[in-house]
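Observations on chain architecture
Here is how the chains run, residue by residue.
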Amino acid sequence: MDSTRYTTAAPMRVAPLALEGKVVRLVPLTRDHADALFAAASFPEIWQWTGSAPITSMDDMRAYMELALSEQAAGRAVPFVTIERATGEVIGSTRFGNISAQDRRGEIGWTWLRPDRQRSGANREAKCLMLRQAFDEWGMLRVEIKTDEKNVKSRAAIERLGGSYEGTFRQHMVVAGGRVRDTIYYSILDTEWRDPSHRVHQHALALGITPRAEGIA
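Predicted model, so just to flag it, every value in this text is computed and none were measured.

Focus: the overall build of the protein
- Scanning the protein from N- to C-terminus turns up six helices and eight strands.
- Listing the helices and strands of the protein from first to last along the sequence gives β-β-α-α-β-β-β-α-β-α-β-β-α-α.
- Computed over its C-alpha atoms, the radius of gyration of the protein comes to 17 Å, within 12% of the 17 Å expected for a compact globule of 217 residues.
- When the backbone C-alpha atoms are referred to their principal axes, the protein occupies close to 50 × 40 × 35 Å.
- Across the 217 residues in the protein, those meeting the buried criterion constitute 46%.
- Within the protein, counting contacts between residues at least 6 apart in sequence, those at least 24 apart form 62% of the total.
- When the accessible surface of the protein is totalled, it reaches about 10900 Å², and 50% of it is carbon and sulfur.
- A gap of 2 Å separates the mean positions of the 29 positive and 27 negative side-chain charges of the protein.

Structure, rendered in structure tokens:
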């Protein structure tokens, strides 16, 4: 493995953009999405395992959005609204976060979907669209994904996608209801994204997303 790859490449620059798939479109989050996002978020089960406080009012949604937009303004996040292509409906949200341009890494997370759109293929496609953007366009070396230790479904989905377990951050967060959460960390590397034998590469191909054979120039 070339440990110096990308060190002489142009600096990693991230910015809001739209990502197009067959099942979903990921569009930049704006304040105009507040009503549609609140309607999609109004299911308590969405927030059971997230690190975010449950969204139960428009004020909650506006605060959630303002935090995401402030992180975007600081260059640390790129938040999306998830739109179902077949219906044009807003069905959730996801985000690049904890971006470190210097280290060429970031996190995919803050992901939620309406319960009736879970296990529809929307989440898997969104993740692969974001991984292609991260590795093939921005030149990230590493993408992190984390989840609640108790969220068995999320852990299984990340592992199916090809995420490598890296460890458990014990007593990592205090979440809704005062519960102290252990957080499990996974990662996907650019070399794995390009490896035809790796699960993440194969998932992308199955969705019609072809990883670039080489990294950025």
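Focus: the pairing of strand 3 (residues 78–84)
- Burial runs high along strand 3: seven of the seven residues are buried.
- Of the two faces of strand 3, the one holding Val78, Phe80, Thr82 and Glu84 and the one holding Pro79, Val81 and Ile83 are both buried throughout.
- With five bridges connecting them, strand 2 (residues 24–28) and strand 3 associate as antiparallel partners. Of the residues in strand 3, the one forming a bridge with Leu26 is Thr82.
- In this antiparallel pair of consecutive strands, strand 3 and strand 4 (residues 90–100), the connection spans five residues, and Gly88 shows a positive phi of 75°.

Observations regarding helix 6 (residues 199–206)
- Buried within helix 6 are the following residues: Val200, His201, His203 and Ala204. Down the axis of helix 6, the buried side of the element spans an arc of 160°, and every buried residue falls inside it.
- Tucked into the core, helix 6 has its buried residues touching helix 3 (122–137), helix 4 (152–161), strand 8 (180–189) and helix 5 (190–193).
- Note on helix 6: the residue one or two positions beyond its end, Gly208, has a positive phi of about 80°.

Some remarks on the pattern of salt bridges
- Summed over the entire model, instances satisfying the criterion amount to 18 salt bridges.
- One salt bridge in this structure joins Asp59 and Arg62, with 3.4 Å as the shortest N-O distance. You can see Asp59 and its partner Arg62 sitting in helix 2 (residues 58–73), three residues apart, about one turn around the helix.
- A salt bridge links Glu166 to Arg142; the nearest nitrogen and oxygen atoms lie 2.6 Å apart. Taken together, the residues Glu166 in strand 7 (residues 164–174) and Arg142 in strand 6 (residues 142–148) connect sequence positions 24 residues apart.
- Assessed through its relative accessible area of 42%, Glu166 is described here as partly exposed.

A short note on the side chain of Asp136
- By the secondary structure assignment, Asp136 is in helix 3.
- Side chain to side chain, Asp136 and Trp193 meet in a polar contact 3.1 Å long.

With respect to the packing of aromatic side chains
- Applying the stated rule across the entire model yields seven aromatic pairs.
- With a centroid separation of 6.0 Å and 65° between ring planes, the pair formed by Phe80 and Phe96 is classed as edge-to-face. Placement of the pair is Phe80 in strand 3 and Phe96 in strand 4, with a sequence separation of 16 residues. Both residues of the pair, Phe80 and Phe96, belong to the buried class.
- Taking 6.2 Å as the distance between ring centres and 70° as the angle between the ring planes, the aromatic pair formed by Tyr165 and Tyr186 counts as edge-to-face. Here Tyr165 is found in strand 7, whereas its partner Tyr186 is found in strand 8, with 21 residues between them in sequence.
- The lysine or arginine in question, Lys146, covers the ring of Trp110, its NZ or CZ lying 5.0 Å from the ring centre.

Scoring rules and cut-offs
Residues numbered from 1 in each chain as written. Predicted model: local features only at pLDDT ≥ 70, side-chain atom pairs only at ≥ 80, totals over all residues. Heavy atoms only, no water. Helix = DSSP H or I, 4+ residues; strand = E, 2+ residues; numbered from the N terminus. Rg over C-alpha atoms; globule rule 2.2 N^0.38 Å. Buried < 20%, exposed > 50% of the residue type's maximum accessible area, 1.4 Å probe, protein only. Contact = heavy atoms within 4.5 Å. Areas by Shrake-Rupley, 256 points an atom, 1.4 Å probe, with all protein chains shown as cover. Lys, Arg positive; Asp, Glu negative; His and termini not counted. Charge placed at Lys NZ, Arg CZ, Asp CG, Glu CD. Pairing = 2+ DSSP bridges. Arc of directions from axis to C-beta. Salt bridge = Lys/Arg side-chain N within 4 Å of Asp/Glu carboxyl O. Polar contact = N/O pair within 3.5 Å; in protein donor to acceptor, adjacent residues only side chain to side chain. Phe/Tyr/Trp six-rings, centres within 6.5 Å; stacked < 30°, edge-to-face > 60°. Lys NZ or Arg CZ within 6 Å of the ring centre and 35° of its normal.

Keep in mind these values describe shape, not function.
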